[in-house]
Amino acid sequence: MTMSRVEVITSVGRRRRWPRAEKERLVGLSLEPGASASDIPRSAGLHVSQLFHWRKQPCERVTPEEPALLPVVVEPLRDEAAVALPPEN
């Protein structure tokens, strides 16, 4: 019979808080060309899905600007030929 190792967790662990600078550093590393988006979070002790969540966060916070309303003046059409020619005497 083979003995296997069992880990018993006796206390409730608190969630880790990641500083914004560290989040930005890890996201930046994952966006570099040739970077493995799964190796980077694992090396930092982070789950891969958390990194992908952080990558989406800046996009979610950016809200498009309110569309600007511009005044519109409607003028009657002018005959371009009459405007271009001086009046006859």
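Look a little higher up for the structure.
Just so we're clear, the structure is a prediction, and the values are computed from it rather than from any experiment.

Draft legend 1. Representation of the overall build of the protein within the structure. Secondary structure assignment for the protein yields four helices and zero strands. Considering the protein as a whole, with its 89 residues, one finds that 12% of them fall into the buried category. Accessible surface computed for the protein: about 9000 Å², of which carbon and sulfur atoms make up 56%.

Draft legend 2. Molecular detail of the pattern of salt bridges. This structure, assessed with the given rule, holds two salt bridges. Notably, a salt bridge pairs R20 with E24, separated by 3.0 Å at the nearest N-O pair. Linking R20 with E24, this pair stays in helix α1 (residues 20-31), spanning four residues, or about one helical turn. Overall, the relative accessible area of 47% leaves E24 in the partly exposed class. Measuring nitrogen to oxygen at the nearest pair gives 2.8 Å for the salt bridge that ties R25 to E22. Taken as a pair, R25 and E22 lie in helix α1 at a separation of three residues, close to a single helical turn.

Draft legend 3. Inspection of α1 at higher detail. An ideal rise of 1.5 Å per residue puts 16 Å on twelve residues; α1 measures up with 16 Å between its terminal C-alpha atoms. Those residues of α1 lying buried are L26, V27 and S30. For α1, the buried positions fall inside an angular range of 100° around the axis, keeping them on one side. The outward face of α1, more than 90 degrees from its buried face, is lined by the exposed residues A21 and L31.

Basis of the calculations
Residues numbered from 1 in each chain as written. Predicted model: local features only at pLDDT ≥ 70, side-chain atom pairs only at ≥ 80, totals over all residues. Heavy atoms only, no water. Helix = DSSP H or I, 4+ residues; strand = E, 2+ residues; numbered from the N terminus. Buried < 20%, exposed > 50% of the residue type's maximum accessible area, 1.4 Å probe, protein only. Areas by Shrake-Rupley, 256 points an atom, 1.4 Å probe, with all protein chains shown as cover. Salt bridge = Lys/Arg side-chain N within 4 Å of Asp/Glu carboxyl O. Expected span 1.5 Å × (residues − 1). Arc of directions from axis to C-beta.

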